[in-house]
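Examining the three-dimensional arrangement
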Amino acid sequence: MPLQLASDTILRMFRARIHHHRQGQIMHNLSHAIDVDTRLARMEERSRHVQINDDSLCDSCHARLGTKLFAMYPDDTVVCYKVITILCISLYFFHVVFVCFSWVFLLVCQLTERFTTKCDQ
């Protein structure tokens, strides 16, 4: 191979290697910037304060909070722990019912498919 062709090939390979390395650096720095933004948003969210006194009420069930456990949603809604547990249980129940219904539906579809293929034969 002539020296001129070899040097052109090596130069293209070298430039491609540098290009891919710089692309990797850009992706790494963008990922780092997103991580920093996420950490800042999380820190700001965790630094929010709410004042609860004896007259504070749950925004959902209107029970007095007083010394009860409570949660504050991002829209500044304050709810008592009872409402949170009821919500979690209902979501869990919905998930279980949905998964069971999906499983039964798939089973019925499979059985129907088997039955129709046996009848067609």
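Residues numbered from 1 in each chain as written. Predicted model: local features only at pLDDT ≥ 70, side-chain atom pairs only at ≥ 80, totals over all residues. Heavy atoms only, no water.

**A closer look at the overall build of the protein chain**
Keep this limit in mind: Where helices and strands are cited, they refer to DSSP runs of H or I of at least four residues and of E of at least two residues respectively, numbered from the N terminus. In this analysis, two residues are considered to be in contact whenever any of their non-hydrogen atoms come within 4.5 Å of each other. Areas reported as accessible are Shrake-Rupley estimates using a 1.4 Å probe. Residue values count occlusion only from the protein chains shown.
On a plain count of helices and strands, the protein chain comes out with two helices and two strands. Taking contacts inside the protein chain between residues at least 6 apart in sequence as the whole, the part at least 24 apart equals 16%. Surface accessibility of the protein chain: about 11100 Å² in total, with carbon and sulfur atoms responsible for 65%.

**Overview of the nonpolar core**
Buried together is how nonpolar side chains tend to be arranged in soluble globular proteins. Selection criterion: Throughout, nonpolar core names a set of buried Ala, Val, Leu, Ile, Met, Phe, Trp, Tyr and Cys residues whose side chains join them through atoms within 4.5 Å. Between buried and exposed lies partly exposed: a residue is buried under 20% and exposed over 50% of the maximum accessible area for its type, with that area taken using a 1.4 Å probe on protein chains only.
Listed in full, the seven residues of the largest apolar core are C58, L65, V78, V79, C80, V83 and I84. Secondary-structure elements contributing two or more residues to this core are β2 (78-80) and α2 (81-120). The element that contributes the greatest number of residues to this core is β2, accounting for three residues.

**Considering unusual backbone geometry**
Phi is positive for H62, close to 60°, though the residue is something other than glycine. By secondary structure assignment, the location of H62 is in the loop between α1 (3-46) and β1 (70-72).

**Considerations on the state of the cysteines**
Spelled out, the test is: When two cysteine sulfur atoms are found within 2.5 Å, that pair is recorded as a disulfide.
Under the defined criterion, the tally for this structure stands at zero disulfides. Looking at C58, it has no disulfide partner, and the nearest cysteine sulfur is the one in C61, 3.7 Å off. Free cysteine C61: the closest other cysteine sulfur is in C80, separated by 3.6 Å. Owing to a relative accessible area of 36%, C61 belongs among the partly exposed residues under this scheme.

**Section: a nonpolar patch on the surface**
Note the threshold: Only residues whose relative accessible area exceeds 30% and that form no salt bridge enter a patch; like-charged residues are grouped when within 9 Å of one another, and nonpolar side chains (Val, Leu, Ile, Met, Phe, Trp, Tyr) when within 5 Å. Salt bridge criterion: a side-chain nitrogen from Lys or Arg within 4 Å of a carboxyl oxygen from Asp or Glu.
On the surface, a cluster of nonpolar side chains totalling about 330 Å² of accessible area is made up of I26, M27 and L30. With respect to the helices, strands and loops of the structure, M27 is situated in helix α1. A relative accessible area of 57% means that M27 is categorised as exposed.

**Re the side chain of S56**
For clarity, the threshold we go by: Polar contact criterion, stated in full: a pair of N or O atoms within 3.5 Å, where within protein one must be able to donate a hydrogen and the other to accept it, and residues adjacent in sequence count only if both atoms are side-chain atoms.
Residue placement: S56 occurs in the loop between α1 and β1. In terms of polar contacts, S56 uses its side chain to reach the side chain of N53, at 3.0 Å. Each residue touching S56, except ones within four places of it in the same chain, is listed here: Q51, A63, R64 and L65.

**A short note on the confidence of the model for the protein chain**
Here is the rule: What pLDDT reports is the predictor's confidence in each residue, on a scale of 0 through 100.
Summarising the model, the protein chain shows a mean pLDDT of 76, and 70% of its residues fall at 70 or more. Model confidence for the protein chain, summarised as mean pLDDT per element, is weakest for α2 at 57 and strongest for α1 at 91.

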